[in-house]
Amino acid sequence: MKRKMSVEGSFYPARAVEIERYFEHFSAVYDEEKTLPAVKKIKALIVPHAGYIYSGYTANIAYRILQKSKIKKLVVMGPSHKMAFEGVSLCGFSSYETPFGDIGSSNFLLQKIKEQFSLSCTSQAHMEHSTEVQFPFIKHYIEDAEIIELVYSYADAESLSKIIDFVLKEEDCGVIISTDLSHFHTLSNAVRLDNICLEAIENIEIKKLQKGCEACGILGVEALLLSVKRLGLNSLLLDYRTSADASGDTESVVGYVSACFYE
């Protein structure tokens, strides 16, 4: 059973050559001003999931850094936007389709997580953009990567964190948490609310998230921070911006962040 693309041509281009142009442009703009942080032993990322024109630049930084690590097996975890269900969905996909070609499923992680946790498969939930927009980045930057996709709805952070703990303790395995930040506030209000999220991520302050952070994937972020704290990992914010940077509209914006966590 292949995990088919469902948002190609809308959240990201359907043609690989067009996606490559995005990635090349994002990298060129970044390299004109900055040097990529020299972080090697990365274990996890937080990345956004809007259309590439809005959040692709922010995500691209994180994946360029991940490319330099040894991680090949990844769990991609994101919130469900289209349907509500109990818990976390894990389906036994054989591969994941992208415009760059298919990404193989990590049978290792699939079997390990199935053995350790009681997760059901809600197949419709996997027509989900929060996870899917990560797949072209992964295939482009880590060609031989293997992944599994976890989509959550009504879940709790501690349960998600136990899965993350399990994955991060495995050799050469990593976790990608997908989230956007505040939605549809004025730019000034968005920045104020998003700074709560940024401070919580940067300082690994779980309680801070509950003081106004409006991330749509806040459960995934909280779960990751719980694991990061338990495992003694370090946090590094990579980029923050809003949709206003791309659209010029400051009246109704969405916030985006990328961050990495490393030993």
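Rules and cut-offs
- Residues numbered from 1 in each chain as written.
- Predicted model: local features only at pLDDT ≥ 70, side-chain atom pairs only at ≥ 80, totals over all residues.
- Heavy atoms only, no water.
- Helix = DSSP H or I, 4+ residues; strand = E, 2+ residues; numbered from the N terminus.
- Expected span 1.5 Å × (residues − 1).
- Buried < 20%, exposed > 50% of the residue type's maximum accessible area, 1.4 Å probe, protein only.
- Arc of directions from axis to C-beta.
- Disulfide = S-S within 2.5 Å.
- Salt bridge = Lys/Arg side-chain N within 4 Å of Asp/Glu carboxyl O.

Peer 1: Explain helix α1 (residues 16-33) to me, please; I cannot follow it from the model alone.
Peer 2: Think of an α-helix as turning once every 3.6 residues; residues three or four places apart then point the same way. Here α1 contains 18 residues, and its C-alpha end-to-end distance of 27 Å stays within 8% of the 26 Å for a straight helix at 1.5 Å per residue. Taken residue by residue, α1 has Ile19, Phe23, Phe26, Ser27 and Tyr30 as its buried positions. Burial along α1 is one-sided: seen end-on, the buried residues are contained in an arc of 95 degrees. Away from its buried face, by an angle of more than 90 degrees, α1 presents the exposed residues Arg21, Glu24 and Glu32.

Peer 1: I keep staring at the state of the cysteines and nothing clicks. Help me out?
Peer 2: The full count for this structure, using the stated rule, is two disulfides. Each sulfur of the disulfide joining Cys197 and Cys213 lies 2.2 Å from the other. Of note, the bridge from Cys197 to Cys213 carries an S-S torsion of about 110 degrees and is right-handed in sense. Here Cys197 is found in helix α7 (residues 187-203), whereas its partner Cys213 is found in the loop between α7 and α8 (218-231), with 16 residues between them in sequence. Take Cys197 and Cys213: they sit in the same class, and that class is buried. Should the bonded cysteines of the protein chain be numbered as they appear in the sequence, the pairing reads 1-2, 3-4. In this model Cys173 remains outside any disulfide bridge; the closest cysteine sulfur is found in Cys260, 18 Å from its own. Under the relative-accessibility criterion, Cys173 is labelled buried at 0%. Here Cys216 is not cross-linked by a disulfide; its sulfur's nearest cysteine counterpart is in Cys213, at 9.6 Å.

Peer 1: I'm lost on unusual backbone geometry in this one. Help?
Peer 2: Of all residues except glycine, most have a negative phi; of all peptide bonds, most are trans. At Asp172, a position not held by glycine, the phi torsion is positive, near 55 degrees. The topology assignment puts Asp172 in the loop between α6 (157-168) and β8 (173-178). Judged by relative accessible area, Asp172 falls into the partly exposed class, the value being 34%. Phi is positive for Phe184, which is not a glycine, with a value near 65 degrees.

Peer 1: How do you make sense of the pattern of salt bridges when you look at a structure like this?
Peer 2: Side chains that differ in sign of charge can pair as their charged atoms come close. With the rule as written, the count across this model stands at ten salt bridges. The residue Arg3 makes a salt bridge to Glu149 at a minimum N-O spacing of 2.8 Å. One end of the pair, Arg3, is in strand β1 (residues 2-3); the other, Glu149, is in strand β7 (residues 146-152), with 146 residues separating them in the sequence. We note that Arg3, like Glu149, is buried. One continuous salt-bridge network, built from bridges that share partners, spans Arg3, Glu132 and Glu149.

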